[in-house]
Amino acid sequence: MWYKGKFYKYATAIIMILVIIFMLSKIDFFLSPFRRFLATIFYPILATVFLYYICRPLVKLFMKIRLPKWAAILATFVIVIAFIVFTSTYTSSILTSQLNQLVRDFPKSYEWIKQATRDLMDSPWHQHINFEDLQNKLISFAQNFTRSLTSITFNFLSRLANFGTALFTVPFMLYYFLKDDLQFKEYILKLVPDKHAQNIRTILKDVDTALSSYITGQLIVASAIGVMMFIGFSIIRLKYPLVMAIFAAVACIIPYFGPWIGIIPAAFVSLSEGPVMLLKVIIVMLVVQQIDNNFISPQIMGKNLNIHPVTVILLLLGGSSLFGLLGLIIIIPSYAAVKAVALNVYRMYLSKYVKKEA
């Protein structure tokens, strides 16, 4: 009978799942405690996973020189803490002074916009252009951009402050993630039937490889871009080179759009010094991008994720609309993990189907 077919079964299952999701959405009073619980543990787990993939290569390196795993983890913690203390000691004062100076000098960019529009108004070809309206729009855009940038910064800091309540739990979670990662994998394998154990092992390996390649690779690429930006901004004598380079490096965590987002503050700062400095900033950006695209990213990132650029752009658009700034950061590794699972499940289905046909 037709209702025994696979299409009917799958369609019925999908409809039932959608009905269940719809019904659950109608009992918000019941689900809200679970949502608050998940929101509370989400950021600590996210930070722990991120740090896990950063620290794991160093732990493996120490284990190769015959250190016990617990000692390798502690040695890694010492090196990471020492690096943070060293960099903050030598950069915090410079960073603070540049940020304070930036806050005081940023209005000069508005003055440059006003002066530039006045110069255009004095030119003979302005008859058909409403320069007063153009000036107001440019100033409004600059003010809205600074408000948005300030809002994003304060939102990030507020979330960081909320995360501070769990700050002491992350090192402990990280320690056990590094210590018991293999045991956790074996525990998952014990939960599945023996005939599927090898397939699940392959899925876990592929997901781990995808996340490790992306997180560590993107961090190295962003750091390299930050260093090159700092050198370039210092050469052209742009104000606040350290602040601008750090912002560019952080923005580069976002694929494709990140480098262009990262140059926006430097472009606004350069406006206070005239169009020539803006041109120099753009040249630095293009040179750094060429070095990254041709030498750094191909060697570090390679083609491990194998995601088409159009897919990346669509994912970024969807991630930003759903989760904002956080979505831009986590959408690509999340997609890579889901893709690894889906491909392996599809291979499992094909192998089972082929065996039945044979």
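This write-up is about the structure you can find in this document.

Criteria and thresholds
Residues numbered from 1 in each chain as written. Predicted model: local features only at pLDDT ≥ 70, side-chain atom pairs only at ≥ 80, totals over all residues. Heavy atoms only, no water. Helix = DSSP H or I, 4+ residues; strand = E, 2+ residues; numbered from the N terminus. Contact = heavy atoms within 4.5 Å. Areas by Shrake-Rupley, 256 points an atom, 1.4 Å probe, with all protein chains shown as cover. Phe/Tyr/Trp six-rings, centres within 6.5 Å; stacked < 30°, edge-to-face > 60°. Buried < 20%, exposed > 50% of the residue type's maximum accessible area, 1.4 Å probe, protein only. Salt bridge = Lys/Arg side-chain N within 4 Å of Asp/Glu carboxyl O. Axes fitted to C-alpha atoms, helices over the stretch in contact; angles between N-to-C directions. Parallel < 35°, antiparallel > 145°, perpendicular 65-115°, else oblique. Left-handed = near helix turned anticlockwise from the far one by under 90°. Nonpolar A, V, L, I, M, F, W, Y, C, P; charged D, E, K, R; others polar. Expected span 1.5 Å × (residues − 1). Arc of directions from axis to C-beta. Patch = residues over 30% accessible without salt bridge, like charges linked within 9 Å, V, L, I, M, F, W, Y side chains within 5 Å. Core = buried A, V, L, I, M, F, W, Y, C linked by side-chain atoms within 4.5 Å. Polar contact = N/O pair within 3.5 Å; in protein donor to acceptor, adjacent residues only side chain to side chain.

A word on the overall build of the protein
Here is step 1: In terms of regular secondary structure, the protein is built from 14 helices and zero strands.
Here is step 2: Residue pairs in contact within the protein that sit at least 24 positions apart in sequence constitute 71% of those at least 6 positions apart.
Here is step 3: When the accessible surface of the protein is split by element, carbon and sulfur atoms take 71% of a total near 23,900 Å².

Observations concerning the packing of aromatic side chains
Aromatic ring pairs are described here by two measures, namely the spacing of the ring centres and the angle between the planes.
Here is step 1: Applying the stated rule across the entire model yields three aromatic pairs.
Here is step 2: Judged by centre distance (6.3 Å) and plane angle (70°), the ring pair of Tyr52 and Phe177 falls under edge-to-face. With Tyr52 in helix α2 (residues 28–64) and Phe177 in helix α6 (residues 169–179), this residue pair connects regions lying 125 residues apart in the sequence.
Here is step 3: Residue classification places Tyr52 among the buried residues on the basis of a relative accessible area of 8%.
Here is step 4: For Phe177, a relative accessible area of 33% translates into the label partly exposed.
Here is step 5: Geometrically, the ring pair formed by Tyr175 and Tyr176 is edge-to-face, given 5.2 Å between the ring centres and 85° between the ring planes.
Here is step 6: An aromatic cluster of at least three residues, connected via ring pairs, comprises Tyr52, Tyr53 and Phe177.

Focus on the pattern of salt bridges
Here is step 1: One pass over the structure, following the stated rule, counts four salt bridges.
Here is step 2: Note that Asp180 and Lys179 form a salt bridge whose closest N and O atoms lie 3.4 Å from each other.

Remarks on unusual backbone geometry
Trans peptide bonds make up most of the peptide bonds, and negative phi angles are found at most residues other than glycine.
Here is step 1: Despite not being glycine, Arg66 shows a phi value in the positive range, around 70°.
Here is step 2: In this fold, Arg66 is placed in the loop between α2 and α3 (69–105).
Here is step 3: A positive phi angle, close to 55°, is found at Tyr240, a residue other than glycine.
Here is step 4: Position of Tyr240 among the secondary structure elements: in the loop between α8 (194–235) and α9 (241–251).

Details of the packing of α8 against α9
Here is step 1: The geometry of α8 relative to α9 is characterised by a closest axis approach of 8 Å and an angle of 150° between their N-to-C directions. Considering the angle they form, α8 stands roughly antiparallel to α9. Between α8 and α9 lies a crossing of right-handed hand. Contacts from Ala222, Gly226, Met229, Phe230, Phe233 and Ser234 of α8 reach α9 at Pro241, Leu242, Met244, Ala245, Ala248 and Ala249.
Here is step 2: Looking at the contact of α8 with α9 residue by residue, the class counts come to 10 nonpolar, two polar and no charged.

Observations regarding helix α13 (residues 309–323)
Here is step 1: If you check α13, its first and last C-alpha atoms are 21 Å apart, about what 15 residues at 1.5 Å a residue would give, namely 21 Å.
Here is step 2: Among the residues making up α13, those that are buried are Val312, Leu315, Leu316 and Gly319. Taken down its axis, α13 places every buried residue within 105° of arc, on the same side. Exposed residues on α13 whose side chains face more than 90 degrees from its buried face are Leu314 and Ser321.
Here is step 3: Following α13 by one or two positions, Gly324 has its phi on the positive side, about 70°.

Quick word on the environment of Ala224
Here is step 1: By secondary structure assignment, the location of Ala224 is in helix α8.
Here is step 2: Between the alpha carbons of Ala224 and Val288 there is a distance of 9.4 Å; along the sequence they are 64 residues apart.

A look at a nonpolar patch on the surface
Here is step 1: A cluster of nonpolar side chains, namely Tyr256, Phe257, Ile261, Val310, Ile313, Leu314 and Leu317, defines an oily patch on the protein surface of about 610 Å² accessible area.
Here is step 2: Considering every element that reaches the nonpolar patch, the biggest residue donor is α13, with four residues.
Here is step 3: Along the chain, the position of Phe257 falls in the loop between α9 and α10 (258–262).
Here is step 4: Phe257 gets classed as partly exposed once you look at its relative accessible area, which sits at 34%.

Brief notes about the nonpolar core
Here is step 1: Ile73, Phe77, Leu174, Leu178, Val207, Leu316 and Ile332 are the most contacted members of the largest nonpolar core, which totals 28 residues.
Here is step 2: At the level of elements, α2, α3, α6, α8, α13 and α14 (325–357) are the ones that each hand at least two residues to this core.
Here is step 3: For Leu174, the residues in contact, after removing those within four places along its chain, are Thr48, Leu51, Tyr52, Cys55 and Phe77.
Here is step 4: Counting 23 residues, the second largest nonpolar core, distinct from the first, contains Ile225, Ile236, Leu238 and Val284.

Looking at the side chain of Thr76
Here is step 1: For Thr76, the position within the fold is in helix α3.
Here is step 2: Residue classification places Thr76 among the buried positions, given a relative accessible area of 0%.
Here is step 3: In this structure the side chain of Thr76 is engaged in a polar contact, spanning 2.8 Å, whose partner is the backbone oxygen of Ala72.
Here is step 4: The residues touching Thr76, leaving out its near neighbours within four places in the chain, are Cys55, Leu58, Val59 and Phe62.

Considering α6
Here is step 1: The complete set of buried residues in α6 reads Val170, Leu174, Tyr175 and Leu178. Viewed end-on, α6 has its buried residues packed into an arc of 140°, placing them on one side of the element.

Describing the packing of helix α7 (residues 181–190) against α8
Here is step 1: Taken N-terminus to C-terminus, the directions of α7 and α8 make an angle of 145°; their axes are 9 Å apart at the nearest point. Of the two possible hands of crossing, α7 and α8 adopt the one that is right-handed. On α8, the residues touching Lys185, Glu186, Ile188 and Leu189 of α7 are Ala197, Ile200, Arg201 and Leu204.
Here is step 2: In the contact of α7 with α8, the residues fall into five nonpolar, no polar and three charged.

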